[in-house]
Protein chains: 2
Amino acid sequence: MSLLVVGSVAIDNVETPVERRDDLLGGSATHFSYAASFFTPVRLVGVVGDDFPAEHVELLESRNVSTKGLERKAGGRTFRWTGRYLDNMNDRETLDVQLNVFGEFDPVVPEEHRDARYVFLANGVPAVQAKVLSQALDRKIVVADTMDLWINEHRKDLDALIGELDGLVLNDSEAKLLTGQQNLVSAGHAVLDMGPRFVIVKKGEHGAMFIGRDLVGAIEVFTLPAFPTENVVDPTGAGDSFAGGMMGYLAEQDAVDPATLKTAMAYGTVVASFNVEGFGLHRMTEVTREQIDERLEAYKRMLAF
Amino acid sequence: MSLLVVGSVAIDNVETPVERRDDLLGGSATHFSYAASFFTPVRLVGVVGDDFPAEHVELLESRNVSTKGLERKAGGRTFRWTGRYLDNMNDRETLDVQLNVFGEFDPVVPEEHRDARYVFLANGVPAVQAKVLSQALDRKIVVADTMDLWINEHRKDLDALIGELDGLVLNDSEAKLLTGQQNLVSAGHAVLDMGPRFVIVKKGEHGAMFIGRDLVGAIEVFTLPAFPTENVVDPTGAGDSFAGGMMGYLAEQDAVDPATLKTAMAYGTVVASFNVEGFGLHRMTEVTREQIDERLEAYKRMLAF
């Protein structure tokens, strides 16, 4: 089933306690798309400058990620982010950010992509995210990510957007900031009161919590841990690949019932665990759907007792 | 099967953002014993002053927790701890601590308790924990908890103790401190190199990670999340009730194979989730084994997809 994502496409420089890599293909929509492409074709909406290497476009197209909605701004430069991970490989600091063409991103969904049934709004300015909603009116489900910057500085737009969503994905500190609730279950309830049918609170190395209404309106809460790994090379894009694996599986199954949502979260968890095993998308380009399914089985066994 | 625990028995004053309760029955051995008593009789070794209320002893005895090894020091006062939880209900600060008789605790295991097969050394001075080992020579398995204070200031004694253990339980920051490893899986491996067959890293609201060798020496790693709850009233004793539920189940089953260990951790998780629902042991005194088994089933369903 058709899956549309809008978000950033970037060139990243990443520093870890062990090494530094420059000019990595990055961005929320990129990590999302690659992760989702194991499950379903993807329609990417984003913007880059004319410095954006053709090989990156080819990589995405080779994965059945349509870049028809990836605008190339003549004379513009691609969004660039440089970050450094601390020793714990969870906390990071942004060393440099150049929004470039992403700073005036005005997303246009190509005509033939507007009938998308599954829509994901990766982290971005809420008003820009909202623009995509009005161009994807055939959607069955729309899920969005957000961050502290928009919660603090674009609250009105964000509230309006959240009212339109089926699902919201955000991290634990952002869930607390958005709702003023310190307990994540309570924070989840507060988000449901804002409109969405479910919220997924990402907890980084600790996994993710789901709070949602089931088909009869009862609230269901569950937590799935991260897939434990020693081999964390670069956490960049973990949250986006989680969302990509999840939305990709939902689109593949063309279902959004509670059982499918839970399996989708498990797939997202497993895909994210591969994403962090290499810089940028490096590990992802080596992985097969069979390996994802094998790790999903290992994850399922891990949680059975 | 016989289960012996040595540790603190205390009177706690607990402040939360919502309210304050004084003169609660607390202490690591107390929370452990009560939790374990749902599964098996418990032999408690500890020390209190003559200010320790008889009703507390009666409560423990009513749960089949033998207090024969609970020394009453004439003229002494019981260990007292006063703490305050911050808004997130995870971080806390110690407002006052009076070790009193626990400061010179010299544990003596009663003669008829020395044949215990399951032994838990709750958090305490490593040299004092070691004294119990030499009085429980028929043990099948010994597991200990520890903390940053002993890692920093009694390292030699602690290393010697860890070399004698089958299992070590400690929290995530302590695991990192003990091993110098920032990744918890790596930290777990480093603990196994120190002697134990398994280590359980407690992650508070995020659950617990197991790193251990299976019967053929292969390393198994798994994470179990906490049971999600909105109703966190007082987290004091969560870790000890987790250990109590876990060791109690192992003793009940009289088995320590990997599958039983995982189910035991699940029971520990569920028992701890009840423990935090009231001040001190208040919620625990209302709970039945049936309710624990019901929640275990809900937890099992939560983790199935």
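This one's a predicted model, so the numbers in the text were calculated from it and none came from an experiment.

**Re the environment of Leu137 of chain A**
Along the chain, Leu137 of chain A falls in the loop between helix H3 (126-133) and strand E9 (141-145). Along the chain, Leu137 of chain A and Arg117 of chain A lie 20 residues apart, while their C-alpha atoms are 8.7 Å from each other.

**As for empty space enclosed by the protein**
All names here are of chain B. Within this structure, the stated rule accounts for one cavity of 30 Å³ or more. Elements represented by at least two residues in the lining of the largest cavity include exactly strand E12 (208-213) and helix H9 (258-275). For the lining of the largest cavity, the leading source of residues is E12, giving three residues. Class assignment of the residues belonging to the lining of the largest cavity gives a composition of three nonpolar, one polar and four charged.

**Focus on the relation of the copies chain A and chain B**
Expressed as a screw transformation, the operator carrying chain A onto chain B has a rotation angle of 180 degrees and an axial translation of 0.0 Å, and the superposed copies differ by an RMSD of 0.0 Å. Taken together, the rotation and translation describe the operation of a two-fold axis. When you check the interface residues of chain A against chain B, 100% turn up at the interface there too, and the contact is symmetric in its surfaces.

**A look at helix H10 (residues 289-302) of chain A**
All names here are of chain A. For H10, spanning 14 residues, the distance from its first C-alpha to its last is 20 Å, which sits close to the expected 20 Å at 1.5 Å a residue. Listed in full, the buried residues belonging to H10 are Ile292, Arg295, Leu296, Tyr299 and Met302. Projected down its long axis, H10 shows its buried positions confined to an angular sector of 115 degrees, all on one face. Summarising the geometry of H10, the exposed residues directed more than 90 degrees from the buried face are Glu290, Glu294 and Arg301.

**Section: the interface of chain A and chain B**
Across the boundary between the two partners, chain A contributes 33 residues, which contact 33 residues of chain B. Both sides together, the interface formed by chain A and chain B hides about 2,800 Å², and carbon and sulfur atoms give 60% of it. Summed over the three residues of chain A that lose the most area to chain B, namely His206, Glu230 and Phe305 of chain A, the buried surface amounts to 28% of that side. Here chain A and chain B share zero salt bridges between them. If you list the elements that add at least two residues to the side of chain A that touches chain B, you get helix H7 (184-193), strand E13 (219-224), helix H9 (258-275) and H10 of chain A. The element best represented in the side of chain A that touches chain B is H10 of chain A, accounting for five residues. Taken together, the residues that form the side of chain A that touches chain B break down as 16 nonpolar, nine polar and eight charged.

**A word on the UniProt feature "domain: Carbohydrate kinase PfkB" (unreviewed entry) in chain A**
Under the local residue numbering, the UniProt record ascribes the feature "domain: Carbohydrate kinase PfkB" (unreviewed entry) to residues 25-281 of chain A. Measuring from the first to the last C-alpha atom of residues 25-281 of chain A gives 7 Å, for a span that is 36% helix and 25% strand.

**Topic: the sheet that holds strand E5 (residues 65-73) of chain B**
Residue and element names in this part refer to chain B. Strand order across the open sheet formed by nine strands is E5-E4-E1-E8-E9-E10-E11-E12-E13, with mixed pairing between neighbours. One side of each edge strand has no neighbouring strand; the edge strands of this open sheet are E5 and strand E13 (219-224). The sheet shows a mean angle of 15 degrees between the axes of neighbouring strands, direction not considered. Running at roughly 20 degrees to E13, H9 makes contact with strand E11 (198-202), E12 and E13 of the sheet.

**Some words on the sheet that holds strand E2 (residues 10-15) of chain A**
All names here are of chain A. An order of E3-E2-E6-E7 is seen for the four strands of this open sheet, with the pairing classed as mixed. In the strand order of this sheet, the two ends are held by strand E3 (20-26) and strand E7 (92-98), each with one partner. When the angles between neighbouring strand axes are averaged without regard to direction, this sheet yields 20 degrees. Both E2 and strand E6 (residues 79-85) contribute to a ladder of six bridges, which runs parallel.

**A short note on the packing of H3 of chain A against helix H5 (residues 155-162) of chain A**
Residue and element names in this part refer to chain A. Relative to each other, H3 and H5 sit at 30 degrees, their axes nearing to 8 Å. On the basis of the axis angle, H3 is roughly parallel to H5. The handedness of the crossing between H3 and H5 comes out as left-handed. Mapping the contact onto sequence places Pro126, Ala127, Gln129, Ala130 and Leu133 in H3 and Asp157, Leu158 and Leu161 in H5.

**Some remarks on the pairing of strand E8 (residues 118-121) of chain B**
Residues and elements named next belong to chain B. Both faces of E8 are covered, namely the face carrying Tyr118 and Phe120 and the face carrying Val119 and Leu121. Relative to strand E9 (residues 141-145), E8 runs parallel, the two sharing four bridges. Among the inter-strand pairings, Val119 is bridged to a residue of E9, identified as Val142. Between the parallel elements E8 and E9, the chain passes through helix H3 (residues 126-133) in a crossover that is right-handed.

**Remarks on the packing of aromatic side chains**
This structure, assessed with the given rule, holds 22 aromatic pairs over all chains. Between Tyr299 of chain A and Phe305 of chain B, the ring centres sit 5.9 Å apart and the planes meet at 35 degrees, which makes this aromatic pair tilted. You can see Tyr299 of chain A sitting in helix H10 and its partner Phe305 of chain B sitting in the segment after helix H10 (289-302), one on each of two chains. In this structure Tyr299 of chain A comes out as buried when scored by relative accessible area, which is 0%. Among the aromatic residues, those joined into a cluster by ring pairs are Phe39, Tyr249 and Tyr267 of chain A. In this structure, Arg63 of chain A is placed above the aromatic ring of Phe38 of chain A, and the distance from its NZ or CZ to the ring centre is 4.4 Å.

Conventions we followed
- Residues numbered from 1 in each chain as written.
- Chains lettered and ligands numbered in written order.
- Predicted model: local features only at pLDDT ≥ 70, side-chain atom pairs only at ≥ 80, totals over all residues.
- Heavy atoms only, no water.
- Helix = DSSP H or I, 4+ residues; strand = E, 2+ residues; numbered from the N terminus.
- 1 Å grid on protein atoms, 1.4 Å probe; cavity = no way out; pocket = protein on both sides within 12 Å on 5 of 7 lines; lining within 4 Å.
- Points joined across faces, edges and corners; volume = space filled by probe spheres on them.
- Nonpolar A, V, L, I, M, F, W, Y, C, P; charged D, E, K, R; others polar.
- Least-squares fit on C-alpha atoms with pLDDT ≥ 70 in both.
- Contact = heavy atoms within 4.5 Å.
- Expected span 1.5 Å × (residues − 1).
- Buried < 20%, exposed > 50% of the residue type's maximum accessible area, 1.4 Å probe, protein only.
- Arc of directions from axis to C-beta.
- Buried area = accessible area lost by both parts, 1.4 Å probe.
- Salt bridge = Lys/Arg side-chain N within 4 Å of Asp/Glu carboxyl O.
- UniProt positions renumbered as here; feature names shortened; annotations may be inferred.
- Pairing = 2+ DSSP bridges.
- Axes fitted to C-alpha atoms, helices over the stretch in contact; angles between N-to-C directions.
- Parallel < 35°, antiparallel > 145°, perpendicular 65-115°, else oblique.
- Left-handed = near helix turned anticlockwise from the far one by under 90°.
- Right-handed = clockwise from strand over helix to strand, strands pointing away.
- Phe/Tyr/Trp six-rings, centres within 6.5 Å; stacked < 30°, edge-to-face > 60°.
- Lys NZ or Arg CZ within 6 Å of the ring centre and 35° of its normal.

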